[in-house]
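The residues making up each chain are set out below.
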Amino acid sequence: MYAKRVQELRPYAPGEQLRDREYVKLNANENPYPPSPRLKEILMNFDLEQLRLYPDPDASELRKAFANMVHVSSDMVYAGNGSDEILSFVFYAFFDSERTLLFPEHTYSFYPVYASYYGIPIRKVPLEKDFSISVDRLSSEESGGIIFANPNAPTGMVMPLSEIQRLLEHCPEDKPVVVDEAYIDFGGESAIPLLSKFPNLIIVRTLSKSMCFAGARLGFVIAGPEQIRRITTVKNSFNHFPVDAIVQALGKAACEDVEYYQQINSRVIATREWLTEELRLLGWRTLPSKANFVFTSKEGISGEKIYRRIKENGFLVRYFEHPGIENFVRITIGKQMEMEQLICILKKEFS
Ligand SMILES: *Cc1c(COP(=O)(O)O)cnc(C)c1O
């Protein structure tokens with residue numbers, strides 16, 4: 001009854017959404033703070049008559065607002081239904097079965113899923129001992145394209161702009177290099193300034209993490225106008241209207257209230273630094289994070305065991321079974337109070 005390809009699918013496993021009791025959710029890198037209060041106004045005043053009509057297929061107003069926020073022109077921006085969908089279109093547009101796609105061994109685990117979905121051969125490049133991504137390794141391997149997250153997930157480690165530039169200088173102009181900047185607002189330096197020099201650079205963004213939008217689904221591509229046209233062609237061959245009218249209105253308002261998001265994210269960053277220091281004092285190995293999570297381990301205990309004992313205390317974190325990172329847990333930065341409770345739990349359970 002099913003198409004053969006369905007049997008071969010290996011889907012992405014998202015962070016748990018348990019409903020058996022109330023948990024403090026620190027497992028999906030959601031923002032602990034609410035969206036800008038302006039969004040409530042937009043929602044209350046939304047003219048429901050508009051729902052009768054299809055939304056703007058190009059999300060022009062929204063794209064303009066996002067382009068303004070990141071200081072590029074609107075023809076360099078594409079808007080889609082969350083960056084997971086965006087990544088699907090990017091994979092379809094730039095990678096194929098003829099050329100090997102290269103990415104770091106530990107990075108966003110949706111990349112191998114899409115590669116398998118589209119029949120793209122992959123090669124994983126090991127991380128360095130300190131869990132950083134080596135540009136020398138990425139650029140010395142033969143490949144038809146490269147993708148990585150910056151800051152990387154689940155490590156939280158950032159690649160400096162100068163290193164990204166060095167990578168692009170080593171790549172021929174027809175090799176796509178995709179940088180997934182899902183966490184860039186938490187302390188990394190965006191690769192946007194490199195776009196004018198490197199037409200093969202494609203930047204993926206999401207509003208889910210830094211702009212408290214995970215439930216509404218909105219992501220963007222920033223790239224040259226020609227690349228944006230190609231991605232739009234892919235979109236128009238699949239789904240004309242990936243961003244609904246309400247989300248277009250809400251997203252526009254969000255992009256116009258940058259100050260609000262900077263304010264809440266500076267609190268997330270302060271809490272991250274506080275947590276990192278507390279973990280250090282307790283003897284946990286914590287990687288230096290520029291994201292809204294930390295990746296941490298306690299000698300002699302597996303990530304799964306840490307996860308279980310934290311869960312018994314009503315907090316959810318994430319562990320990974322991949323060899324090399326199986327002793328770590330990824331902890332999303334919550335509100336300061338929640339992190340203080342978490343530290344109490346760690347003291348109780350692990351010392
Ligand atoms: C969360 C995340 C995404 C997906 O974001 P959505 O817009 O919610 O689909 C993409 N890439 C990375 C690295 C992420 O962490």
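Residues numbered from 1 in each chain as written. Predicted model: local features only at pLDDT ≥ 70, side-chain atom pairs only at ≥ 80, totals over all residues. Heavy atoms only, no water.

Trainee: Even after reading the chapter, I still don't get the overall build of the chain, so can you show me in this structure?
Mentor: A tally of helices and strands in the chain yields 12 helices and 13 strands. A globule of 351 residues ought to have a C-alpha radius of gyration of about 20 Å, and the chain, at 20 Å, matches this closely. Taking all 351 residues of the chain together, 52% fall into the buried category. Counting contacts in the chain only where the partners sit at least 6 residues apart, residues at least 24 apart contribute 73% of the total. Total accessible area on the chain is roughly 16,900 Å²; 51% of this is exposed by carbon and sulfur atoms. (Helix = DSSP H or I, 4+ residues; strand = E, 2+ residues; numbered from the N terminus. Rg over C-alpha atoms; globule rule 2.2 N^0.38 Å. Buried < 20%, exposed > 50% of the residue type's maximum accessible area, 1.4 Å probe, protein only. Contact = heavy atoms within 4.5 Å. Areas by Shrake-Rupley, 256 points an atom, 1.4 Å probe, with all protein chains shown as cover.)

Trainee: Would you mind showing me how to read empty space enclosed by the protein here?
Mentor: Any empty space left between atoms is shown by rolling a water-sized probe over those atoms. Applying the stated criterion across every chain, the model contains one cavity of 30 Å³ or more. Computed from the structure, the largest cavity encloses a volume of approximately 60 Å³. Lining of the largest cavity is provided by F66, M69, E181, A182, Y183, I184, D185, R205, T206, L207, S210 and M211. Listing elements by their share of the lining of the largest cavity, those giving two or more residues are α3 (60–70) and β7 (201–206). Grouping the amino acids of the lining of the largest cavity by side-chain chemistry returns seven nonpolar, two polar and three charged. (1 Å grid on protein atoms, 1.4 Å probe; cavity = no way out; pocket = protein on both sides within 12 Å on 5 of 7 lines; lining within 4 Å. Points joined across faces, edges and corners; volume = space filled by probe spheres on them. Nonpolar A, V, L, I, M, F, W, Y, C, P; charged D, E, K, R; others polar.)

Trainee: Looking at this structure, I do not really get the nonpolar core. What am I missing?
Mentor: A general feature of soluble globular proteins is that nonpolar side chains tend to end up buried together. Counting residues in hydrophobic clusters, the biggest one holds 87 residues, and the most contacted among them are F66, F148, L201 and L342. Dropping the residues within four chain positions of it, F66 is found in contact with V77, R205, L207, F220, I222 and C255. In this structure, V90, Y111, V113 and I231 belong to the second largest nonpolar core, which totals 27 residues. (Core = buried A, V, L, I, M, F, W, Y, C linked by side-chain atoms within 4.5 Å.)

Trainee: Help me understand the site of the ligand, please; the structure alone is not making it clear to me.
Mentor: The environment of the ligand is made up of G82, S83, D84, Y108, A149, D180, A182, Y183, T206, S208, K209 and R217. One of the side-chain N or O atoms of Y183 is found 2.5 Å from an oxygen atom in the ligand. Using a 2 Å cut-off from the grid points, one finds that the ligand occupies the largest pocket. Element by element, the count of residues in the shell around the ligand is highest for helix α4 (residues 82–94), at three residues. Grouping the constituent residues of the shell around the ligand by class yields four nonpolar, four polar and four charged. (Near = heavy atom within 4 Å. Polar contact = N/O pair within 3.5 Å; in protein donor to acceptor, adjacent residues only side chain to side chain. Sits in = over half its atoms within 2 Å of the grid points.)

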